[in-house]
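# Descriptive structure summary
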Amino acid sequence: MKGRINLFICALGFLISASTSSALEESMNKNDLSSLLHKANEAFQQGSYQEAIDGYQTLLANVENGELHYNIGNAFFRVGELGTAIYHFRKAALFLPRDADIRYNLAYARSKVTDQVEGSANLLYKAWSYLSFMNLREAYFFFIFAIGIAGTAFLLRKREGSLWLRRSCGLLFVLAVLIFIHAHFENAKKFGVVNAVEAKIYSGVGRDNVVLFTLHAGTEFDINDQADGWVQIELSDGKKGWIAAHDVIL
Amino acid sequence: MNLVAGFFMMALMGVTQAKAANINVQLEVSESDITLNDSINVQVRVEGTQSGSEPTIAGAENFDVQGGGTSTQFQMINGRTSSAKTFSYSLFPKKAGTFIFGPATVEVDGKKYSSQSVQIKVNAGTTGTNSGGKATVPKEATPFYITAEIDQKNPYVNQQVVYTFRFYRRADVVNAQLGLPDFQDFLRQDLEKQKQFEKNINGVMWVVTEIRHALFPTHEGQITIAPATLDVTAVFRERRERSFFDDPFFWGGGQTRQLRLRSDPVVLNVRPLPEAGKDKNFSGMVGALKISADIGKKQIVQGDSVTLTITVKGDANLEGFSLPELSFPDVKVYDDKTQFNTEPAGGRLVGTKIFKKALVPSVAGEVKIPAIIIPVFNPEKNQYETLRTAEMSLKVAPGNGNEKMTHVSAADLEDKSKRRIEIVGQDIMPIKRNLEALEDARPPQWLKWSLPLVLLLMLGAHIAAWLLRRRARLIDKDAGFLKREKAFRNFNKAMKNLTAGDPEIYARASNLLRSYLGDRLGFDGKALSALDVERRLGRTTVQAQTAGMIKQILQSCETGQYGNVAVSAEKSRQLIDQVKNVVAKVEKEVR
C-alpha cells in the first residue's frame, strides 16, 4: 500500500513538471487582471512594447475582447510586426465592429502592406459586408429579441391592428437572421496573416514543390487546410498555395 | 521524507525546463555578391527563446540598415516545445569593396550569444549577379535608373529654377519609395502632379515617371542638392523551362529584389542680385512679371466705394509678396481680399496674385488714381525693371450731404486666402485604457443555450395558440361541443355531493345519470323514460349491454323514487358505484 502511494506521488510530481513546461497561465481574479492591464498600458506608454505585449497576452489567456486585441495590435505595430498587428486588429474588429479607432488602425496598417490583392467587387459580397455592424454577442441578443417580437406579432396576426407594424416585425426578424448568420460566419471563419518579411508560397506541402508566388508581411488570407507544419491559404483574389506555419499567424 | 523531496524536485525540474533552453543565434544573408544599387535581406534568428534584445551587428557601418520587423514563433509538437525570434533587416551598401558582416550579438537574460559572420562583396557596377542559381538581372542594361536635373545652373537669388526627377523603368516593380532631397536652401512649390509617359530611347521603350518642383534659392553661393533615392521592389522572372505554374494566374514564379537607386547630386551657383540699378523700393521679386489694375465702375456718387483690383502675374515667387502701402489723394483706401494661385505654364510655375482694395473718394469731381509702381528684377534681361499700372480716373458725383460710409468689418480685413491642409505625418490611434478591457466579450454559454430555448418557447406558444383557435372554431360550429366536453367533469363534480344514505339518492342519481347522458350524447335525458333512453343509446356507439345496464339503473331509481322503498346505506353505495361504472363505460364507448 505504501509503495502504491509513493508511486502515485512520483507520478503526480512528473505530471506537474510536464505541465509547467508548457506556457499556461492559471485563472486570475479581477484584481490581478486590473493590475496587469494597468502595467501593460503603462509599459506601452513608456515604449516598453515587448513588456506590454507579454502583459496583453497574459490577459488574453483569461479574457478576450476587442480592447485587448486592439492594444496588443498597437504594440505589435510599434515593434514592427505588421502581420501580427493586422491579425489582432481584425480580431478586435470582430468584437467592436463599430469602433472608429480600430477601423482606422486596421486601414492604416493595411496601407503598409506591400502586396496588393484584389478583393471581390461582387455587389452581393459588398452588401453582405454591410451586415458587420454587430459583434456575435450583440447578434445573439438581437436575434433573440427579434424572435420574441416577430413571434408575438405572428401570434396576434388575426387580431385587428396595423398591418405595417406586423410586416415591420417580419422584416426585423429577417434582418436579425441575416445579421446573426453573418456574425457567426465571420467569427467561425479561419483566417491568418503573413508575419514573415517575405514568404514563399508553394504548390504543395514542403519546400521541394514549385514556388507559386511570394507574399510579404501583413497579407491576409483564408485558411483551407493545415498539415505537417504547413498551411494551405487562399487569397481574396482566388490565389491558393501552401505556406510554412512559422511564416504566418493564425 | 525523501520521496516528498523528490516530488518537489521533479516539479522544480519542470519549471526550470521551461526556462533553460539551448539558445543559438544564426545570421543569414540573401546574397553575398552585389552591386551598389542592390540590397541584401538579412535575418538574425535567435533559437530557443522568444525574448532577446535587438541584435548589434559588427560591420553594419558599411551599410544603410533598414529594420524589416521582428517575428516570433512558438511550437509544441508531441509535448516538445520550440521557440525562436527572428529579426529582419534590409542592407543598402554605401560603397564598393569587400566587407565582413557580423557576428550578430544578442543578449538573453543577461547573457550574450553571437552568430557567425559572413563576407559580402559590393561591386561598383550597376548590374547585379547572384550566387546559388537564382534569378539574374539582364546583362545588356539595367532595367531601372533615376535622374535629377535643374533647368538653370546659375540662377539669381529668388529666381525660379525647375527641379525635375525622372524614374525610368522597363521591368515590373511592386513597391517604390521615393526619397527626395529636403531642399533646405530653397523655397519649394509643387509644379505639377506626378505624370507618367513612355519614351523611346535608342529603340527601347521605357516607362518614365516624372515629378517636378519649382525652387527659389534663398541665398547666393554654391548650393548642392543631395541625390534623390528610390527604393524599389523589383520583380524578376526566373529563367527556366515553362511549366503549368508559369501561367499568369500563378504569377509565373517571379522573384522580387530590393534595389536602392541613386541620382547624381545637382550643383548650382546662385548669383547675387546686382546692386547697380536697384530701386530703394525694390520688391524682392525676381522673374518675368506683368501687372494690371482695374477699378470697374468709372462713375460713382460721393460716399460710394469702388474696388481697385491689382493683378500681378509671372514666374516669380509671389506667395510671400505684398503690395506697398497705397495712398491716393482724396481717397480712403481699405484692404480687401487677396487671392493667390499657381499653375504650370510653359514648363514653369506661374503665379497670379490678385489684390483688392476698397476706395472711397472723400470729394466730388474727377479723382485720379495714379499708377502703381513695383520695382522687380528680370533675370532674362539681367536688369531691374518697373511694373507700372495705367493711371485711372473716377468721376464722383456729389452725394446727398451725408457721406455714406461703407462699414468694413475686421473680418473683411483679414487675408482670407485659404491654404490646403497638408498632411505631414500619419500614425496609429492610441491604446484603449477603459476598464472594458477586463470584460470577456465572447458570448457566454447561457446565451448560446437561450437561443434554442426561446425558439422552442415561441414554437410552443404558436402550437398552443393554434390549438386554442381550433377549439374556438369547434365551439362556434357545434353548440353542444362544450356540453359534451364538460359532461364527464360536471358528472364527477356532482357525484361528490351524492352520499350514501341520502334519502333522495334515487332521484338525484337518476337526474345525475340523465343529465350526463343528455350532455354527453346530445339529447334531453330528463324528458325520456328508461326504455326511450335505451333506444336512444342504441343509435350511438354505446354498446347494447351498457345501454341495458343504464336502463336497469334508471328503472331501479324510478322504483326507489316512486315505490316508497327504504334507502339503506349499503344499497345507496351500490347504486352510486353502478352509476359511476356505467358512466365510465359510456366514456370509453362514445366516440
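Residues numbered from 1 in each chain as written. Chains lettered and ligands numbered in written order. Predicted model: local features only at pLDDT ≥ 70, side-chain atom pairs only at ≥ 80, totals over all residues. Heavy atoms only, no water.

Further remarks concern the overall build of chain A. When you go through chain A residue by residue, the secondary structure sums to nine helices and seven strands. Taken across its 250 residues, chain A has 44% of its residues classed as buried. For chain A, the exposed area adds up to about 13,100 Å²; of that, 57% sits on carbon and sulfur atoms. (Helix = DSSP H or I, 4+ residues; strand = E, 2+ residues; numbered from the N terminus. Buried < 20%, exposed > 50% of the residue type's maximum accessible area, 1.4 Å probe, protein only. Areas by Shrake-Rupley, 256 points an atom, 1.4 Å probe, with all protein chains shown as cover.)

Attention shifts here to the pattern of salt bridges. Residues and elements named next belong to chain B. Under the criterion given, the structure shown has 36 salt bridges over all chains. A salt bridge links Glu149 to Arg166, with the shortest nitrogen-to-oxygen separation between them at 3.1 Å. One end of the pair, Glu149, is in strand β11 (residues 144-150); the other, Arg166, is in strand β12 (residues 161-169), with 17 residues separating them in the sequence. Note on Glu149: relative accessible area 38%, which makes it partly exposed. Owing to a relative accessible area of 17%, Arg166 belongs among the buried residues under this scheme. In this structure, Glu570 and Arg573 form a salt bridge, with 3.5 Å as the shortest nitrogen-oxygen distance. Of this pair, Glu570 and Arg573 both sit in helix α8 (residues 569-589), three residues apart, which is roughly one turn of the helix. Residue classification places Glu570 among the partly exposed positions, given a relative accessible area of 45%. Salt bridges linked by common partners bring Glu149, Arg166, Glu192, Lys195, Glu210 and Arg212 together as one network. (Salt bridge = Lys/Arg side-chain N within 4 Å of Asp/Glu carboxyl O.)

Residue and element names in this part refer to chain B. In spatial order, the strands read β21-β28-β25; together these three strands make up an open sheet with mixed pairing. Each having just a single partner strand, β21 (299-301) and β25 (365-369) make up the two edges of the open sheet. Pairs of neighbouring strands in the sheet enclose a mean axial angle of 30°, with direction left out of account. (Pairing = 2+ DSSP bridges. Axes fitted to C-alpha atoms, helices over the stretch in contact; angles between N-to-C directions.)

Generally speaking, nonpolar side chains in soluble globular proteins are found buried as a group. Counting residues in each nonpolar core, the largest one holds 36 residues, and the members touching the most others are A:Leu37, A:Tyr56, A:Leu59, A:Leu68, A:Phe77 and A:Ile86. Secondary structure elements with two or more residues in this core: α2 (30-45), α3 (49-60), α4 (66-78), α5 (82-95), α6 (100-111) and β1 (191-194) of chain A. In this view, A:Leu68 contacts A:Leu37, A:Tyr56, A:Leu59, A:Leu60, A:Val63 and B:Ala437; residues no more than four positions away in its chain are not counted. Counting 29 residues, the second-largest nonpolar core is a separate cluster that includes B:Leu498, B:Leu513, B:Cys557 and B:Val586. (Core = buried A, V, L, I, M, F, W, Y, C linked by side-chain atoms within 4.5 Å. Contact = heavy atoms within 4.5 Å.)

On to the packing of helix α8 (residues 136-155) of chain A against helix α3 (residues 445-477) of chain B. Interhelical geometry of α8(A) versus α3(B) gives an angle of 5° and a closest axis separation of 10 Å. In terms of orientation, α8(A) lies roughly parallel with respect to α3(B). Residues A:Arg137, A:Tyr140, A:Phe141, A:Phe143, A:Ile144, A:Ile147, A:Gly148, A:Gly151, A:Thr152, A:Phe154 and A:Leu155 of α8(A) pack against B:Trp446, B:Leu447, B:Lys448, B:Ser450, B:Leu451, B:Val454, B:Leu455, B:Met458, B:Ala461, B:His462, B:Ala465 and B:Arg469 of α3(B). Tallied by class, residues from the contact of α8(A) with α3(B) come to 15 nonpolar, five polar and three charged. (Parallel < 35°, antiparallel > 145°, perpendicular 65-115°, else oblique. Nonpolar A, V, L, I, M, F, W, Y, C, P; charged D, E, K, R; others polar.)

Tallying each qualifying case throughout the model produces 22 aromatic pairs over all chains. With centroids separated by 5.3 Å and ring planes inclined at 75°, the aromatic side chains of B:Tyr145 and B:Trp206 adopt a geometry described as edge-to-face. Linking B:Tyr145 in strand β11 with B:Trp206 in strand β15 (residues 204-217), this pair joins segments that are 61 residues apart in sequence. Through successive ring pairs, a cluster of aromatic residues spans A:Tyr140, A:Phe143, A:Phe173 and A:Phe180. A:Arg167 extends its terminal NZ or CZ atom over the ring of A:Trp164, reaching a point 5.1 Å from the ring centre. When the ring centre of A:Tyr70 is taken as origin, the NZ or CZ atom of B:Lys432, which lies over that ring, is 4.8 Å away. (Phe/Tyr/Trp six-rings, centres within 6.5 Å; stacked < 30°, edge-to-face > 60°. Lys NZ or Arg CZ within 6 Å of the ring centre and 35° of its normal.)

So, about α4(A). Residues and elements named next belong to chain A. Given a rise of 1.5 Å per residue, 13 residues ought to cover 18 Å, and the 18 Å separating the end C-alpha atoms of α4 matches this to within 8%. Burial of α4 is extensive: 12 of the 13 residues sit out of reach of the surface. Residues of α4 that are buried: Gly66, Glu67, Leu68, His69, Tyr70, Asn71, Ile72, Gly73, Asn74, Ala75, Phe76 and Phe77. Next to the buried residues of α4 lie α2, α3, α5 and α6. One side-chain oxygen at the N-terminal end of α4 lies 3.2 Å from the backbone nitrogen of Glu67; it belongs to Asn65. (Expected span 1.5 Å × (residues − 1). Polar contact = N/O pair within 3.5 Å; in protein donor to acceptor, adjacent residues only side chain to side chain.)

On the surface, a cluster of positive charge is made up of B:Lys486, B:Arg489, B:Lys493 and B:Lys496. By the secondary structure assignment, B:Lys486 is in helix α4 (residues 481-495). (Patch = residues over 30% accessible without salt bridge, like charges linked within 9 Å, V, L, I, M, F, W, Y side chains within 5 Å. Lys, Arg positive; Asp, Glu negative; His and termini not counted. Charge placed at Lys NZ, Arg CZ, Asp CG, Glu CD.)

Quick look at empty space enclosed by the protein now. Residues and elements named next belong to chain B. Taken as a whole, this structure holds two cavities of 30 Å³ or more when the rule is applied. In this structure, the second largest cavity occupies an estimated 30 Å³ of space. What lines the second largest cavity is simply Gln189, Ala316, Leu318, Phe340, Thr342, Leu349, Val350 and Gly351. Elements supplying a minimum of two residues to the lining of the second largest cavity: β23 (331-345) and β24 (348-361). Among the elements that take part in the lining of the second largest cavity, β24 stands out by supplying three residues, more than any other. Counted by class, the lining of the second largest cavity contains five nonpolar, three polar and no charged residues. (1 Å grid on protein atoms, 1.4 Å probe; cavity = no way out; pocket = protein on both sides within 12 Å on 5 of 7 lines; lining within 4 Å. Points joined across faces, edges and corners; volume = space filled by probe spheres on them.)

The subject of this paragraph is the environment of B:Gln426. Looking at the element boundaries, B:Gln426 is found in the loop between α2 (410-413) and α3. Not counting residues up to four positions away in its chain, the partners in contact with B:Gln426 are A:Tyr104 and A:Tyr108.

Another aspect to go through is the environment of B:Pro398. Residues and elements named next belong to chain B. For Pro398, the location among the structural elements is in the loop between β28 (392-397) and α2. The exposure class assigned to Pro398 is exposed, which follows from its relative accessible area of 61%. Sequence separation between Pro398 and Ile300 is 98 residues; the distance between their C-alpha atoms is 9.0 Å. Beyond its immediate stretch of four places on either side in the chain, Pro398 contacts Val301, Gln302 and Ala364.

Next up on the list: unusual backbone geometry. In this structure, the amide linkage connecting B:Gly102 to the following residue, B:Pro103, adopts the cis form with an omega of 5°. Residue position: B:Pro103 is located in the loop between β7 (97-101) and β8 (104-108). Positive phi, normally seen in glycine, also occurs at A:Asp228, with a value near 50°. Relative to the assigned elements, A:Asp228 resides in the loop between β4 (220-227) and β5 (230-234). Of note in the backbone geometry, B:Phe183 takes a positive phi value of approximately 50° without being a glycine. Within the secondary structure layout, B:Phe183 lies in the loop between β13 (173-179) and β14 (186-201).

For chain A, the average pLDDT comes to 84, and 85% of its residues sit at 70 or higher. Counting contacts from residues 18-26 of chain A, a segment whose pLDDT is below 50, to residues more than four positions away or on other chains yields nine contacts. (pLDDT = per-residue confidence, 0-100.)

Bringing the sheet that holds β15(B) into the picture now. All names here are of chain B. The four strands lie next to each other as β11-β12-β15-β14, forming an open sheet whose pairing is antiparallel. For this open sheet the edge positions go to β11 and β14, each flanked by a neighbour on one side alone. The mean inter-strand angle of the sheet, taken between neighbouring strand axes irrespective of direction, is 15°. In this structure, β11 lies alongside β12, joined through seven bridges in antiparallel fashion.

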